[in-house]
Amino acid sequence: MSTGMSSVKPAAKLKGLINGGLNTLGYEVRRQHGLERAAWLREMNIETVLDVGANVGQFAASIRKVLPEARIYAFEPVEACFEELSRGNSGDRLFQGFPYALGDRDGSATINVNDFTPSSSVLPMARRHVAEFPFTAHSTGAEIQVRRLDTVVPGLELSGPMLVKLDVQGFESQVIKGGRETLAAADVIITEVSFARFYVGQTSFEELYAELQGLGLRFHGIL
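In what follows, the accompanying structure is described. Just so we're clear, the structure is a prediction, and the values are computed from it rather than from any experiment.

Parameters and conventions
- All residue numbers here refer to positions counted from 1 along the written sequence of the relevant chain.
- Only residues with pLDDT of at least 70 get local features here, since the model is predicted, and only at 80 or more are side-chain atom pairs given and counted; chain-wide, interface and lining totals rely on the full set of residues.
- As a rule here, side-chain values cover all heavy atoms of the structure and leave hydrogens and water aside.
- Between rings of Phe, Tyr and Trp, where Trp is taken as its six-membered ring, a pair exists when centres lie within 6.5 Å; planes separated by under 30 degrees are stacked, by over 60 edge-to-face, and by other angles tilted.
- Going along the chain from the N terminus, every DSSP run of H or I of four or more residues is numbered as a helix, and every run of E of two or more is numbered as a strand.
- Exposed residues in this analysis have more than 50% of their type's maximum accessible area, buried residues have under 20%, and partly exposed residues fall in between, with area computed by a 1.4 Å probe over protein chains only.
- Only buried residues count toward a nonpolar core, which is a set of Ala, Val, Leu, Ile, Met, Phe, Trp, Tyr and Cys residues joined through side-chain atoms within 4.5 Å.
- Throughout, a residue-residue contact means that at least one pair of heavy atoms, one from each residue, lies within 4.5 Å.

Applying the stated rule across the entire model yields nine aromatic pairs. Aromatic side chains Tyr 73 and Phe 98 sit 6.2 Å apart centroid to centroid with 40° between the ring planes, which places their arrangement in the tilted category. With a gap of 25 residues between them, Tyr 73 in strand β2 (residues 71-75) and Phe 98 in strand β3 (residues 95-98) connect regions that are remote in the sequence. Residue classification places Phe 98 among the buried positions, given a relative accessible area of 11%. On the numbers, 5.9 Å between centres and 25° between planes, the contact of Phe 205 with Tyr 209 is stacked.

Laid out in structure tokens, this is it:
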């Protein structure tokens, strides 16, 4: 899944103008997430979702609309984001959150918590990232716990078909190395990809594509 960060001001202004007129008629314009239009995903009858890099729950909220009966396990190491994620899903009996990152080893690490929290990463931010997105210039280091997915999974109630979502800001290869057995059993993986180096040492598109192919997965499409 390719997620871009671009200026929203013109779009927000247009939305405001449209809504200004439609509100008088009782209507409102809202953006629909690509997942909510994915008929193929509904037809897969997914029972388990692993949301790796959950942030404040954007993906979980979207996937819940598509898969109302799926069990969701969400992983988010940034403390403030995890608290918001937990509050937002407190009434969901099929949701469980975990306050740590996934990687290739069990232990601890320092994460760079960005003022724009979706850009937070265990990897250092490259200069190109800040040059293209100046609002991501400031980060603060924080100590977090890291677990291997294959270490965590035996304690979870998993049933198939299973969907895994990866959005870990360049840390994809480490997550895959720590979860090969689990990921090889996934029926579908939705992952953020980048064609530019925005983090030092980040997994490239080519590397990520090869790793997922090695798990027996094939390319399905772009959201």
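Right, let's get into unusual backbone geometry. Residue Pro 161 is bonded to the preceding Gly 160 through a cis peptide linkage, with omega at 0°. Mapped onto the secondary structure, Pro 161 falls in the loop between α6 (149-152) and β7 (162-166). With phi around 55°, Asn 55 is a residue other than glycine that occupies positive phi space. Assignment of secondary structure puts Asn 55 in the loop between β1 (48-52) and α3 (58-66). In this structure, Gln 169 is a non-glycine residue whose phi angle is positive, near 50°. Its location among the elements puts Gln 169 in the loop between β7 and α7 (172-177).

For the rest of this paragraph, the subject is the nonpolar core. Ranked by size, the top nonpolar core spans 31 residues in total, and within it Val 52, Phe 75, Leu 102, Val 164 and Ile 189 carry the most contacts. Elements with a minimum of two residues in this core: β1, β2, α6, β7, α7 and α9 (205-214). If one sorts the elements of this core by residue count, β7 sits on top with three residues. Other than its neighbours up to four places away in sequence, Leu 102 contacts Val 52, Phe 75, Val 146, Arg 147, Arg 148, Leu 149, Val 152, Phe 171 and Val 175. Ile 46, Val 49, Ala 54 and Ile 190 belong to the second largest nonpolar core, which has 20 residues in total.

None of the figures reported here should be taken as evidence of function without further support.
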